[in-house]
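Overview (structure and organization)
This is what each chain is made of:
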Amino acid sequence: MPQAVYTPRREAPGESVVAVELRDVNKWFGSFHALKNIKLSVPRGQRVVICGPSGSGKSTMIRCINHLEEHQSGEIIVNGKPVAQDLRRIDEVRSNVGMVFQHFNLFPHLTVLENCMLAPVWVRKMPRMAAEQLARHYLDRVKIAEKATNYPGQLSGGQQQRAAIARALCMNPRVMLFDEPTSALDPEMVKEVLDTMVSLASEGMTMLCVTHEMGFAREIADRVVFMDHGEIVEANTPHEFFANSRSERARQFLAQILK
Amino acid sequence: MTDQSLRPPIVNLALMPAMAPPADVRPSPLTWIKRNLFSTPFSGALTICFVLLAVWLLHQVLSFAILNAVWSGGREACRANPEGACWPFIAQKFDYLRYGAYPISERWRVDLTQAIGAILIAWLLWTKAPRRKLAAMLFFVFYPVAAFVLLRGVALLHLPVIDTMLWGGLLITLLMSIVGIVFSLPIGILLALGRRSDLPIVKAVCLTFIEVVRGVPFITVLFMANFMMPLFVPDYLTPDRLLRPLIAIALFSSAYMAEVVRAGLQAIPKGQYEAAKALGISYFDMMRLIVLPQALTIVIPSIVSTFIGLFKDTTLVAIVGIADFLKAVETARVDPSWAGPTISSTGYLFAGLVYWGFCFGMSRYSQSMERQLARGHKS
């Protein structure tokens, strides 16, 4: 019954409408204060673009959300569940949060199809047949169905990144995190990945996306978060942010990247 | 802007079709020889020297082992010929070299054990064979029990118990190496994972074990296993005299294996771990499905080197009084009834050929494995 795959996840009544919430999150690398009192609340279905100069803590922040980085103080709540030390809790949070990396991080010893089936089979305990059907469905959606039996090394950068998106979607996540998904791509491949992300956004996926693609931010973001030196300087609608950002730091940053 | 090269500007509107490559021009054999063997006077001289050396060496070996060798007849024929190998000696001692002092009437048990082992190993190693999971089950669960019952014997099954004192020859060498190989890889993997673990006590235990074992010569480990273990363990728990060096060799090579595996683990990019964790995959599954398959593929050459080293290290068990294959050759060699000018050389040549045969086989197999696993990794 492939139709089941298309239906968006039904929320249980009374479930949290806030997908991701960060309450006064602080993080240090050694003595370096990487995240300073981060407060951010992302309602279900909202698309947030996070931008800022390099080293400003953007990646660190979204990596804290699925606990790839550990925060030292404050609270992170994902889909109503706190991200804490408890390993089993973390795996549960992670299996509901998809992540796409700058360098794709596909598993090179497995085919694209096997990459997509791995987590559904071993984490969700899905039968192989169903997992394969699911994987083929999402590979078709990111338009690389014909590459299913290839190894990642045989794909172009753009195709690899779309495969990585499909792999994350196979876990049917409620939130997708993108960590500079187009930064490692050749210029002519950026668009195919952004198009995939736009179509995902148009279906109501909750997205947090670290990117320098301001066109993309303008097109799909509900909110732009600007970070600098480990703090959130400004969070605003894209229209307001690009037209009249209130902080000097944001204006400087925009002047740098929008020549 | 008066650059002449821009005038007239280059504009190509049509797409140039791809053309077939020029026909393959092979250099004639003579050109090839000239280019590769005699490119300069010096290289020509080297070529001649090495060809002469190779021909001379080959001639020496062949004339000893084949041309001048004694192929039939008995001791007298061998004594009369100081020029070539004495193969009748090997033929007569062959059973002793294979079984040691294992009783003649019971040697079929060794044959059967080795035949089953050979079939199962071939089944496991042949990657295209059907039902390899069953083969693995049989080899790792059923076979050890069967081998124990067959080799040692169980009185209830009308198989007389053969004391391990009597075991010897190639039987011991193969037993030692297979047990060593089968145990050292998994123990090595566990030690390597332990050494990289975040849990401080696990890490300390693994690190200490690896460093202590690697810091001690294998002979010392053998002596300790043989003479000191009985001091610490009560009598009824003291392992059999054959089991002690078996444990020693498995633990000794697993310490080396741990370092080999660790090298592979370190070569796996952090992104692979992160991608696995981000999908919610547990530590155990991440290692089993993602990290170890890649890490072990990278270090296949070193793993096989360790196996080959282990195979040859089994000769050291002779020191604690176990008659392995080399020890059997030694014993056969000094048999006074066969005293002759070329008996020792023949014995050692044969021993060398047997060891080389097994090691070369392992090496070739690992190369074919590497080629097979390299598919799709050409990024």
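Structural data are supplied above this passage.
First things first, this report covers the structure right here in the doc. Note that this is a predicted model, so its numbers are computed, not measured. The residue numbers shown here count from 1 along each chain, following its written sequence. Chains and ligands are labelled sequentially in the order written, the chains with letters from A and the ligands with numbers from 1. Only residues with pLDDT of at least 70 get local features here, since the model is predicted, and only at 80 or more are side-chain atom pairs given and counted; chain-wide, interface and lining totals rely on the full set of residues. Neither water nor hydrogens contribute to the side-chain values; these are computed over all heavy atoms in the structure.

Quick notes on the overall build of chain A
- The helix and strand inventory of chain A stands at 10 helices and 10 strands.
- Note on method: radius of gyration uses C-alpha positions; expected globular size equals 2.2 Å times residues raised to 0.38. Expected size for 259 residues packed as a compact globule is a radius of gyration near 18 Å; at 18 Å, chain A falls within 12% of this value.
- Across its three principal axes, chain A shows a C-alpha extent of roughly 55 × 40 × 35 Å.
- Residue burial is assigned from relative accessible area. The probe radius is 1.4 Å, only protein chains are included, and a residue is buried under 20% of its type maximum, exposed over 50%, and partly exposed in between. Here chain A, with 259 residues, has 54% of them falling under the buried criterion.
- Carbon and sulfur atoms form 51% of the exposed surface of chain A, whose accessible area is close to 11700 Å². Helical segments are the DSSP runs of H or I of at least four residues, strand segments are the runs of E of at least two, and each set is numbered from the N terminus. Each accessible area is a Shrake-Rupley estimate made with a 1.4 Å probe; only the visible protein chains count as cover when residues are assessed.

Some remarks on helix α6 (residues 132-152) of chain B
Residues and elements named next belong to chain B.
- Every helix has an expected span of 1.5 Å times one less than the residues it contains. Over its 21 residues, α6 extends 28 Å from the first C-alpha to the last, a length consistent with the 30 Å expected when each residue adds 1.5 Å.
- Of all the bends in α6, the greatest, near 45°, is centred on F142, and the proline P144 appears no more than four residues after it.
- Should any heavy atoms of two residues lie within 4.5 Å, those residues are considered in contact. Its buried side turned inward, α6 meets α5 (107-125) and α7 (170-195).
- G153 sits one or two positions beyond α6 and adopts a positive phi of about 100°. Note that bend, as reported per residue, equals the angle between axes fitted to the 7 residues terminating at that residue and the 7 residues originating from it.

A short note on the state of the cysteines
- The disulfide definition used here is simple: a pair of cysteine sulfur atoms within 2.5 Å. Summed over the entire model, instances satisfying the criterion amount to one disulfide over all chains.
- Sulfur-sulfur distance for the disulfide between C78(B) and C86(B) comes to 2.0 Å. The S-S bond linking C78(B) to C86(B) shows a torsion near 80°; that makes this disulfide right-handed.
- Classification of C78(B) as buried rests on a relative accessible area of 3%.
- C86(B) gets classed as buried once you look at its relative accessible area, which sits at 0%.
- Of all cysteine sulfurs, the one in C51(A) lies closest to C209(A), which takes part in no disulfide; the gap is 10 Å.

Side note on the pairing of strand β1 (residues 18-29) of chain A
Residues and elements named next belong to chain A.
- At least two DSSP bridges between two strands are required for those strands to pair. By the bridge criterion, eight bridges tie β1 to strand β2 (residues 32-43) in an arrangement that is antiparallel. Following the sheet pairing, E21 is matched in β2 by S41.
- From the end of β1 to the start of β2, which pair antiparallel, there are two residues, and G30 there has a positive phi angle of about 65°.
- Alignment of β1 against strand β4 (residues 73-78), held across five bridges, turns out to be antiparallel. Among the inter-strand pairings, E21 is bridged to a residue of β4, identified as I77.

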